[in-house]
Structure formats: C-alpha cells, structure tokens
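Here are the chains, one letter per residue:
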Amino acid sequence: MAIRSFFVPFLLFGLYFYSSLSPVLSLYEDQVGLMDWHQQYIGKVKQAVFSTQKTGRRRVIVSTEENVIASLDLRHGEIFWRHLLGSDDVIDGIDIGLGKYVITLSSGGSILRSWNLPDGQMVWESYLQGPKHSKSFLLVPTNLKIEKDSVIVVFSNGRLHAVSCIDGEVLWKKDFEAESFEVQQVIKPPGSDLIYVVGFAASSQFEMYQINGRNGELLKHESTTFSSGFLGEVSLVSSETVVALDSTGSILLTISFQNGEISFQQTPISNLYEHFSGPAIIIPSSVPGIFAIKTNAITIFIRVIGEGMLEVAEKTNHETAISDSLPLSEGQQAFALIQHAGSEIHLAVKLAHDWDGNLLKESIKMNQQRGLVHKVFINNYIRTDKSHGFRVLIVMEDHSLLLLQQGTIVWSREDGLASIIDVTTSELPVERDGVSVAKVEHNLFEWLKGHMLKLKGTLMLASPEDVALIQSMRLKSSEKSKMTRDHNGFRKLLIVLTRAGKLFALHTGDGHIVWSHLLRSLHKSEPCQSPIGLNLYQWQVPHHHAMDENPSVLVVSRCGPSSDAPGVLSFIDTYTGNELSSLSLAHAVAQVIPLPYTDSTEQRLHLLIDSDKHAHLYPKTSEALSIFKREFSNIYWYSVEGHNGIIKGHALKYECTGKVADEFCFDTRELWSVVFPSESEKIIATVTRKLNEVVHTQAKVIADQDVMYKYISKNLLFVVTVAPKGCGEIGSVTPEESWLVAYLIDTVTGRILHRVTHHGAQGPVHAVFSENWVVYHYFNLRAHRYELSVIELYDQSRADNKDVWKLVLGKHNLTSPISLFSRPEVITKSQSYFFTHSVKAIAVTSTAKGITSKQLLIGTIGDQVLALDKRFLDPRRSVNPTQAEKEEGIIPLTDSLPIIPQSYVTHALRVEGLRGIITVPAKLESTTLVFAHGVDLFFTQLAPSRTYDSLTEDFNYALLLITIVALVAAIFVTWRLSERKELQEKWR
Amino acid sequence: MGSGRRWAVSFSDNSTSPSCRDIRDPPGFTRASVDQDDSTASRQKKDAESNWKAQKAWEVAQAPFKNLLMMGFMMWMAGNTVHLFSIGITFSALWQPVSALQGVGKVFEPYKDSKVELLGPKLLFIALNLGGLALGVWKLNTLGLLPTHASDWVSSLPPAQEVEYSGGGIPL
C-alpha cells in the first residue's frame, strides 16, 4: 500500500500535466471514424409516397412513427434528406404536390408545410386553425385548380381548407361546426371539382356534404339515420361509395351517395361467410371495388359488384397485408397483396376490377426474425418493352423497411433501431486457438503491405493515393470488428431492445448487427394480446466461475399497457441470440430489483415486485433461495408514487400469505414513507447511482494533503419536486410561483440527508448521480437561463481519521461494513452555474476501477453530446483559489460553464432525436465506451484523462523500431571495434 | 661450480645478509650506519606513519561535510516542485550517503593500523553521512513524496461496504 500511495502523486502529477497541457479532448480530422461510428435511421414507416419521374433520381418520401420525414434513394435505400419534427408535432399525412414539393400535415392537422423535393429545404409553412378537434385529411388532387393555382385540400380541426400549393396561402375555408359530426372520409372524385365530406353524427347518423372545390360553397347536405349505429372506420370502395360496419360488427353497410342521394344496403356478414362469429373489423384500404374485413384470424376480401351487392373474393387464414391502389394507365387501378406462408411471403399485384387475374405473382424468402408484414406500398415503372413493372415497399413487424422488386429484396433498412427502449452490454467470447492457416497467410501479406504503407506515411513518402489507402485501411481495420474479446475490452456487444420487441446485438467495433431476434414472448398470442417490452437486465455474466456458460440477458415485458397486466420474462443468450427460455408470469411486474448477489453459475438474483407489493425471487432455484434467505433481513425496497407524491420504503416478511404456497414469494411491510405536500410539491425526477458503478476510494485528498471522506452509499435517492404550477412549459409561471426542491433520501431508513430549495426555478430536470455527487439541470426563471447545480456529500463522522500511525498500522475502521441505521453525519457542499444549452440527457463516464477523473456527457438540444469535465462542477471552486488549491487542480469560479467546441464527443455529427446516453467501462482504466441513441445511433471511446495507460493511436512505432535497430547495430559495431582494439593492445 | 652448470641466477636477496656478501657495496654506500640506526629509525618512521594515517583518516571522515554543504546548495537551487531536476538531485542526495555508508570499511581500509584509533573518524563519517541522508529525506518530504500525511494512507482506501441493500424506484 505504501508503494501505491507513494506512486499516486506521480500519477496525479502525470494526469495534471497531461490535462493542463491540453484541457480539451478533441480529435483530428483523420481520426474521425476510427473509434466511433454513426448510424442513421428513420423509424417505422407510416406512409410512403413515391416520386419516380423520368427526370431526377428515383426516390420515396416516407413519414415515420418517430416523426421523421425522409427522402430515400429507391436504388439503395440511402437517406437523401431527413427532417425530425418535434415530439409534439406528429405527422398526420404526407403527399407530393406539383411533382416537386413534399407536403406534410402535422400537429393534429394544424401545421401544413411544403418542402422542396430534391434537397428537403422548407418552402412554406401555414398554420391551419379550426373550431374543434377532429381527424385530419390531406388531399393533393392533380386536377383541381383555382386561378391556375394548384390546390391542396386539408380537412383538420373541423374545418375544410383549400391551400395554394405555391405559397401556402389559404384560398377558402369551410367550417363543419355541427356538435357531434365526426368526419370519416374526405373524397375528391377524379374528373370533377366536387369534394365530398362524409362522416357520422351522433353515432347513428350518416352525414354527407357536397362542396364545390373551386370556392368552398356548400352544394348539398344530406343525412340519413341508421338505427343500429356505426363501428370503427369506413372503407372507400369507389369515389361515391363507402363501406362501414354497424355497431355490433356483424352487418356490413354499403353506403352510396351518388348524385347527393344517400342509399343504404345492409349485408349481414354471415350471409357471406357462414362460419362467422364475433365482431369483424374493417382493414383500412382504398382499393376501388374491394375491401377487406378481419374476423378472428380470418381475413375476408369482399368485392362490391354494382348497386351495393357484395361477394366474397377470397378467404384466407394467412396473415395478409394490402396496399392502397395505384393508378395505372387507361384508368386501371392496381394494388399489392402480401400473404405469409411459412418462411415465405407471396406477393401478388392485381388489378382492382380483376381479382382472379394477377399482374405479378412472386414468392420471396423472408427472414423469420422480421415477423409479419405490417404495411405495403406499391409503385410501378415502365419496362423497356412498355409493360408495367412493380416495386413494393414493405414495412415489417420489427419496423424494418424492405424494397421488393423482381422477386428479390433489393435493399432493407433496420429502422427498428430508431426506437430503442433499453440498452445493456455483453462481453464477446474469449479467443480460442484454431484460426485457419490460410487466413493467417493471407493476412500476413496484407499485414506486411499495410506496414509498408504506414512506414511510407510516417517517412512522408506516401503519395495522395497511398494516404487515402492508409486512411481507408485504418477505418476498415479488421481488428476492431473481430468477434472475440480483446485485451483492452473495447470490443463488446451492445444488446438493445427496440419498441418492436426485437433484440439486436450490435458490435461496438463498427456497429454491425451481430444477431437480431424478434422475441417470441413479445409476439401477439392468445393469453398476451399486446405485449410491451419494458427493460433489459444482465442476467448472467460469467467471469470467474462458470466460464463455459454463455452470458445471458433478461428481457422483462408485460402483456398490455396497464400496470397490473401479467409479466413475461425471456432469457436470451447474448452470443447466439437464442431465446433460452421464457416465463409467463402469473403476477404483474411493477419493479425489477437486481440484487447484488449471484449464485454459483453467476446468475444474478432478481427481485420482482408485483402490483400487490409482493416480492418474487428469480431464478427460482433452491440455491438462490438459500443465498437470499441469508441476506433476507438486509434487503429493502422503495417505491416512488409520482402521482400522489409519496415515497415509501418497505422491508420483506416471510412467505406470501393467502395464495398457494410459494416459497419464492415474499410479503412486504411498509417501513417509512415520505409524503410531499401535494399543494406545493410534485415529484418530477428521481435518480439513483448505477448499480455497477465502481468507486476507487472513499477519500478525497484536497489541498495541503488534507483528506475529506466521501459519503458513498448505493442506497441514496435523489428526488426533485417542483411547484405544481411550474410543471408546464418554461415561462408559463412567474418566478414567484415556481420553485424546485431537491432531496437526497436514504432509501433504507427514509432519512432525508439533504434538502435544498431553488426559488424561481422550473423543470424539466435532468440529473445524474455518481460516487458522492449529483449534478442536475433546471431552468432559472429569474436569470432566464439554464443552470447546472452540483451537490457533493461528505461523511463528517469519518473526518477525524487523520492519525497517520493508526492508518499505517491499519488500526481504523474505515473499511469495515457499515449500517445505515448508524446515522452517518453527512455534510454537503454545493454550487450552481449557468449553462447555455437545454439538455436532453445527462450521463457520466464510468471506468473499470473508477480511478480516472470523470466527465459529464450532456446531450444537448442540438442532438449532440458534450463532454464536460467534472472539475468544472466542483463545489470547492472559488473566485481566487490559493496556490495549493490551484496545484490541486481547482479552476477559478466563473458564473457559467464553458462550452468548448472541441469537446463535443459527437464532433460534426448529430444523433437525431437523442434520448439516452450509456457509458460502459472498457478494461483499460483510462477508457470508457459511450453509446448515444435516439433516431440515430452513435458510439465512441472516450478517455477523460487522456490515454495515460496506453500508447496513442498515432504513436510512431516505426521511429521506435528504427531507433531500436540502430541502437542494436551500434552496440554490435562498437563491441567488435573494442574487441579488435583489445587484441591489438595485447599484441603490442 | 659443477661441470654441468654454466651459469645460474640466484633470486634470493642477499642484500641484508652481510655474511655472504662477496660483492662490494657501490661507492658512497655505507652499510654500517644503516645497521646501527635500524631499530630507532624504524620506530620513528612508524610513529610518523600512524600519525599521518590518523590525520588522513580524520580528513576522510570530514570529507562528506563539504559534500553536505554542496548538496544543500543544490537542493536550494532545485526548488520545491516535483520535476526531473529536483527528483534527480534528491535521489542522488539519498544515494550518496547510503553508498558511502555501505563502503565505510573500504574507505578506512588504507588507514587501518593497530596503533591508529579509527573509531572516531568512522563515527564522524557515519554521522555526517547520516546527516546527508537526513537532508535527502527532508528534501523528499518537502517535495511531498513521503507518506507522512493521512492522505497518503487513505488515498486508495476502498469505500466501506454497506450492510443493507435497497432497490426500487418509479414503477415500470
């Protein structure tokens, strides 16, 4: 220990030296992409519009559930341009106007925008208001013109607008103010200037408005009452006929409003399909003459043959998807139909009036891990022989997007990765012997060639082509994407769970997908109707014992959105992606508590709390139970009830009472509760330390060799409450009405260790808790600026341990286990600083041993990640630090935190829609791995105190080698010379 | 002289044994005086030599003092911050006395004599070198490289384990 402490000043000195030499961490232009990767996604496609004009590049415009509008290259699936709208600006519809503008309707139909098709620049924006909330529709008719102006027809917020396509000016508007009128369709029949608005009123009345498209004049208003009401949506089968279901879902209504006259035709479904039972739903589509209904697991396609007569075209129990119709030449309409059959999908393209004939029929092998086809979009092209060719864009269950053409998948995009719910990491397998010889030989040549090139580069002999080659070699180094563990721990697997219920393993080296698995347990099934993936936990991390076992992760999911829906657990092998087992639980999952104990196979014990506050232990083995029983009295849990402002602490009692004897189920009893007054405080954020965080030391050495003892506890909860009035947007309250209170609560005893009030402050609050400090971000209403505050906790009861001899002889109790019931004396130090950016997420770097200094990683509103040294958030900063404090590395206090442009971790890139930042320690103490996810993914390595424990990437090995060789040669030569001289001496 | 032996060289030194002397002394050399004063002169000479040795031994013993002064000056020049120069000076200041102390016997070897009292010089030598060592250690301490503070002993003390464990949070 003496030796270690002896060296620590050296180490610290070295760190200080390095950090003072270059206070910011930045990289050179040619280092971009060496250790980092960036992937761009768009999310699950909601709507797609093709733009395949003869001139210009073929592209498809899509809108997605992640609120992205993007233009994709039809040939390769690459993104031409992309815009992410805010989360409160949901896209309702997109279309292309005049062949050169992309028109989007968003924010519940109140914002209409036009974007330039080739480059995505916004052309104009219009705000459309209306009397009441309603469904919204966007129509871009090709032939409707008002004074040579092309018109966009928008129905939104109970008002019909005609908007100019050129400048977004509203040409006319018409209100539909009838109280109960619910619009169902807005129809613009081709070849006329009429617009039909149809909908239901008072749930049993069908209303039809006929409007002159040129001036918005109401031409006709008809309504008919249908006594048994309507259910769900309507399907448009021709420009003047819709099909609806009655409220029982068993009678089909064909509603025709030709020439303004409404006529009903009722057809019980049982007439068409004798085994019909239970309610049916209409699958929304807009193919003329055909619509589809779904009942139980059967899809029925029904043809409308004149005068409201219905006829079954096809019944199928395969999963199917149908596209909207596509106008071909000569007034023909085509549509695409996709049916699943085993591991294949059958694609058929048919003409709307000719069900039995196929324009195209193809079978395509489909990866089972992509699930079902959710959406189909069809587009045609003219082949060289003047016949029609078709390409089909399909959206799969895992949110991926595929383009099918000529029976093959032309390209695919893994857009499920745009909506990541949770991330964890796993080690790669250990490298074993048995690499094939041929591969080595091949590599040897490549290796030699590479080194020759590098040598050329270092000796400045390389030509520009060589330089380019060297750069591409550096970027594509096979070393970083190897499938085995490396010495430095840089290569790992990122296991991500997406909203689609698919699990991906991404390689940290270059971000490629190692495996992907659509969770069977997250598949719709009889007992579990709408499963939702919740979280990922590291279930088994073998490193000491059980080295032969593969690591595995636990996926916790729930059947349905309500909190008391039963839970589902799946266990996934992280090397192969196979689902080892899955458990359908009888109880709900309200909380998952990973315990700090593992069994002999290194499976981590988890405690699942259900909605009745029973605790269930997993894995259900006797060994786990015995471990758990040993620690039973020391395990507590707490719950934060945000809606009523209560934090409760619980202890475990023996065995569940009442139900069937289950030795893995435990009753709990309430120990304490912290009740926040609901009229003045509302919980908006809670943060704890990361379970796996490693802290190197409990002491902090300050100036003049003094020591402060950190208060380090895993059982601390940081809670922020705000005034209920201040929950809204920033600026919605005056500073006097708004305050923010931060608490530090001991979750075992319920003791409030610290409480601080910020008057005139408002949320949203983002916070990060690490070691003995917490940093949080909020808005200061008085200063009109964002602030970052830091609270550090120190243990006063240990402060007297300063006798050197006691410490030398080990006669102290600083490392003996402590109980939280012993009431530690905690003192806090805190400070606040202004901060320019608003923040989307905050994380902190974590390293293997916790020695390296920390950096805060701040996800800014510009979707970038900023690294900020923790030294800037040190409550011991003062305006004029003493010499000793300066030597310690304390920065003079300034009112705001500096933002150094070079310290953006994401350099020139943006992680669109940034949601989370995850840090994972590498094996190398200086380095931490950072993964930022949103719509885009970004990964990089960071060394907060520079890489003091390894040579940098640009280290000149050639020079070292040359020096060594020269030295060895010199030694040899001088040895020979001296030997010869000695001999001559002897002869003299 | 035998018939088989033509010549012989006798390596035995006969210079001091006058009995078998058959060669005349070189001119100017009188053997008688040497022989007469032999005992007193040698005693005198030995006394002088031991005196000289004792004097030399004291000189050698005092030598580190100069060194000490020089070291002190160097240390003062090196300053109190940790860098290559000051570390080099300090370590040489530590190493010199240690190596000198290791070679105490060897240093006083030439002056070893039954009549010469070497304990005094040796003690002085050791004391001065210890002084040098102390100076080195003091310098080390002023540089902050000695673990004399509590901070040096707790800086890598791991955090204490907690008996209780609590988990939970906002319901999923």
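An unreviewed UniProt entry lists chain B under the name ER membrane protein complex subunit 4, with Hibiscus syriacus as the source organism. Turning to chain B, the UniProt record has this under Subcellular location (unreviewed entry): "Endoplasmic reticulum membrane".

Before going further, it helps to examine the overall build of chain A. Helix and strand counts for chain A stand at eight helices and 65 strands. For 988 residues, the compact-globule estimate of 2.2 N^0.38 gives 30 Å, and chain A sits close to it at 34 Å. Principal axes of the C-alpha set define a box for chain A whose edges measure 125 × 80 × 60 Å. Here chain A, with 988 residues, has 52% of them falling under the buried criterion. The long-range share in chain A, meaning contacts at least 24 apart out of those at least 6 apart in sequence, stands at 51%. Carbon and sulfur atoms make up 54% of the accessible area of chain A, which amounts to about 45,500 Å² in all. Side chains of chain A carry 93 positive and 106 negative charges; the gap between the two charge centres is 5 Å.

What follows concerns the UniProt feature "transmembrane region" (unreviewed entry) in chain B. Residue and element names in this part refer to chain B. UniProt records the feature "transmembrane region" (unreviewed entry) for residues 73-98 and 118-138 in the present numbering. In residues 73-98, helix accounts for 81% and strand for 0%; the two terminal C-alpha atoms are 20 Å from one another. Along residues 118-138, the helical share is 95% and the strand share 0%, with 30 Å between the first and last C-alpha atoms.

Turning our eyes to something else, we now look at the sheet that holds strand 58 (residues 785-795) of chain A. Residue and element names in this part refer to chain A. The strand order across the open sheet built from four strands is 56-57-58-59, with neighbouring strands paired in antiparallel fashion. At either margin of the open sheet sits one strand with a lone partner, and together these are strand 56 (761-770) and strand 59 (826-835). Adjacent strand axes in the sheet meet at a mean angle of 20°, parallel and antiparallel pairs treated alike. Here seven bridges tie strand 56 to strand 57 (residues 773-780), and the two strands are oriented antiparallel to one another. The partner of Val-768 across the bridge, within strand 57, is Val-775.

With that settled, consider the interface of chain B and chain A. On the side of chain A, 61 residues touch chain B, which itself brings 29 residues to the contact. Interface area, chain B with chain A, both sides summed: about 4,100 Å², of which 62% is carbon and sulfur. Looking only at chain B, the three residues that lose the most surface to chain A are Trp153(B), Tyr165(B) and Leu172(B), adding up to 21% of its buried area. Joining chain B to chain A, the criterion identifies zero salt bridges. Across the chain B-chain A interface, the total number found is 21 residue pairs in polar contact (both at pLDDT 80 or more). Elements supplying a minimum of two residues to the side of chain B that touches chain A: helix 5 (150-154) and strand 1 (165-169) of chain B.

Sheet topology note: the strand 51 (residues 699-702) of chain A/strand 52 (residues 706-709) of chain A ladder contains four bridges and is antiparallel. Among the inter-strand pairings, Ile702(A) is bridged to a residue of strand 52 of chain A, identified as Asp706(A).

Attention now goes to the packing of helix 2 (residues 84-102) of chain B against helix 4 (residues 119-142) of chain B. Residues and elements named next belong to chain B. The geometry of helix 2 relative to helix 4 is characterised by a closest axis approach of 8 Å and an angle of 155° between their N-to-C directions. Between helix 2 and helix 4, the crossing angle belongs to the class labelled roughly antiparallel. Read as a crossing pair, helix 2 and helix 4 show a hand that is left-handed. Along the contact surface, helix 2 presents Thr-90, Ala-93, Leu-94, Pro-97, Val-98, Ala-100 and Leu-101, while helix 4 presents Phe-125, Ile-126, Asn-129, Leu-130, Gly-132, Leu-133, Gly-136, Val-137, Lys-139 and Leu-140. A per-class count over the contact of helix 2 with helix 4 returns 12 nonpolar, four polar and one charged.

Turning our attention to helix 4 of chain B. Residue and element names in this part refer to chain B. Taking 1.5 Å per residue as the helical rise, helix 4 with its 24 residues ought to reach 34 Å, and the 34 Å between its terminal C-alpha atoms agrees with that figure. When helix 4 is considered as a whole, its buried residues turn out to be Pro-121, Phe-125, Leu-128, Asn-129, Gly-132, Gly-136, Lys-139 and Leu-140. Trailing helix 4 by a residue or two, Gly-144 shows a phi angle of about 80°, which is positive.

Moving on to unusual backbone geometry. Residues and elements named next belong to chain A. Cis peptide bonds are those with omega within 30 degrees of zero, and the linkage from Tyr-618 to Pro-619 qualifies with -5°. With respect to the element layout, Pro-619 can be found in the loop between strand 46 (615-618) and helix 5 (622-630). Geometrically, the link from Gly-763 to Pro-764 is a cis peptide bond, its omega value of 0° lying close to zero. Position of Pro-764 relative to the elements: it lies in strand 56. Here the phi dihedral of His-784 falls at roughly 55°; this positive angle occurs in a residue that is not glycine. Within the secondary structure, His-784 sits in the loop between strand 57 and strand 58. Given the relative accessible area of 61%, His-784 is considered exposed.

Now for the pairing of strand 35 (residues 408-413) of chain A. In this sheet, strand 35 of chain A lies alongside strand 34 (residues 401-405) of chain A in antiparallel orientation, the contact comprising five bridges. Looking across to strand 35 of chain A, one finds that Leu403(A) is bridged to Trp411(A).

Once their charged atoms are close, side chains differing in charge can pair, the charge on each being opposite to the other. One pass over the full model with this rule turns up 33 salt bridges over all chains. Taken together, the salt bridges that share partners define one network made up of Arg370(A), Asp398(A), Glu414(A) and Lys502(A).

Our focus in this paragraph is the environment of Lys132(A). Within the fold, Lys132(A) resides in the loop between strand 9 (122-127) and strand 10 (137-139). Within the structure, the side chain of Lys132(A) is placed 2.9 Å from the backbone oxygen of Phe181(A), a separation counted as a polar contact.

Another point: the environment of Gly850(A). Residue and element names in this part refer to chain A. With respect to the secondary-structure elements, Gly-850 resides in the loop between strand 60 (839-844) and strand 61 (855-860). For the pair Gly-850 and Leu-74, spaced 776 residues apart in sequence, the C-alpha to C-alpha distance is 49 Å. When near neighbours in sequence (up to four residues on either side) are disregarded, Gly-850 contacts Val-694, His-696, Glu-771 and Glu-925.

To continue, consider the packing of aromatic side chains. All names here are of chain B. In total, this model carries 27 aromatic pairs over all chains according to the counting rule given. Considering the side-chain rings of Phe-108 and Phe-125, the 5.6 Å spacing of their centres and the 90° angle between planes classify their relative orientation as edge-to-face. Taken together, the residues Phe-108 in the loop between helix 3 (104-107) and helix 4 and Phe-125 in helix 4 connect sequence positions 17 residues apart. Under the relative-accessibility criterion, Phe-125 is labelled buried at 6%.

Confidence in the prediction of chain A, expressed as mean pLDDT, is 86, and 94% of residues score 70 or more. Throughout residues 1-24 of chain A the model reports pLDDT below 50, and contacts reaching past four residues in sequence, or to other chains, amount to 23 contacts.

As a further point, take the sheet that holds strand 44 (residues 591-598) of chain A. The mixed open sheet is built from seven strands, whose spatial order is 44(A)-45(A)-46(A)-49(A)-48(A)-47(A)-1(B). Both edges of this open sheet fall to strand 44 of chain A together with strand 1 of chain B, since each of them pairs with a single strand only. Sheet twist, expressed as the average angle between the axes of neighbouring strands with direction ignored, equals 30°.

So, on to a nonpolar patch on the surface. On the surface, a nonpolar cluster with roughly 560 Å² of combined accessible area is contributed by Leu951(A), Phe955(A), Tyr957(A), Leu960(A), Ile964(A) and Val968(A). Along the polypeptide, Tyr957(A) turns up in helix 8 (residues 957-987).

All names here are of chain A. With respect to the helices and strands, the residue Thr-574 is situated in the loop between strand 42 (566-573) and strand 43 (579-588). A distance of 2.8 Å separates the side chain of Thr-574 from the side chain of Ser-426, its partner in a polar contact. When residues no more than four places from it in sequence are discounted, the contact partners of Thr-574 are Ser-426, Leu-493, Ile-495, Trp-515, Pro-551, Ser-552 and Val-553.

This paragraph deals with the nonpolar core. Residues and elements named next belong to chain A. Counting residues in each nonpolar core, the largest one holds 35 residues, and the members touching the most others are Leu-393 and Phe-931. When sequence neighbours within four positions are dropped, the list of residues in contact with Leu-393 reads Ala-48, Phe-50, Val-60, Lys-375, Val-376, Phe-377, Leu-401, Leu-402, Leu-403 and Trp-411. Core analysis: the second largest hydrophobic core is formed by 25 residues, Tyr-711, Leu-716, Phe-769 and Val-774 among them.

For the rest of this paragraph, the subject is the environment of Leu459(A). One can find Leu459(A) in the loop between helix 3 (437-458) and helix 4 (464-475). Expressed as a C-alpha distance, the spacing of Leu459(A) and Leu959(A), which sit 500 residues apart in the sequence, is 9.2 Å.

Reading guide: rules and limits
Residues numbered from 1 in each chain as written. Chains lettered and ligands numbered in written order. Predicted model: local features only at pLDDT ≥ 70, side-chain atom pairs only at ≥ 80, totals over all residues. Heavy atoms only, no water. UniProt positions renumbered as here; feature names shortened; annotations may be inferred. Helix = DSSP H or I, 4+ residues; strand = E, 2+ residues; numbered from the N terminus. Rg over C-alpha atoms; globule rule 2.2 N^0.38 Å. Buried < 20%, exposed > 50% of the residue type's maximum accessible area, 1.4 Å probe, protein only. Contact = heavy atoms within 4.5 Å. Areas by Shrake-Rupley, 256 points an atom, 1.4 Å probe, with all protein chains shown as cover. Lys, Arg positive; Asp, Glu negative; His and termini not counted. Charge placed at Lys NZ, Arg CZ, Asp CG, Glu CD. Pairing = 2+ DSSP bridges. Axes fitted to C-alpha atoms, helices over the stretch in contact; angles between N-to-C directions. Buried area = accessible area lost by both parts, 1.4 Å probe. Salt bridge = Lys/Arg side-chain N within 4 Å of Asp/Glu carboxyl O. Polar contact = N/O pair within 3.5 Å; in protein donor to acceptor, adjacent residues only side chain to side chain. Parallel < 35°, antiparallel > 145°, perpendicular 65-115°, else oblique. Left-handed = near helix turned anticlockwise from the far one by under 90°. Nonpolar A, V, L, I, M, F, W, Y, C, P; charged D, E, K, R; others polar. Expected span 1.5 Å × (residues − 1). Phe/Tyr/Trp six-rings, centres within 6.5 Å; stacked < 30°, edge-to-face > 60°. pLDDT = per-residue confidence, 0-100. Patch = residues over 30% accessible without salt bridge, like charges linked within 9 Å, V, L, I, M, F, W, Y side chains within 5 Å. Core = buried A, V, L, I, M, F, W, Y, C linked by side-chain atoms within 4.5 Å.

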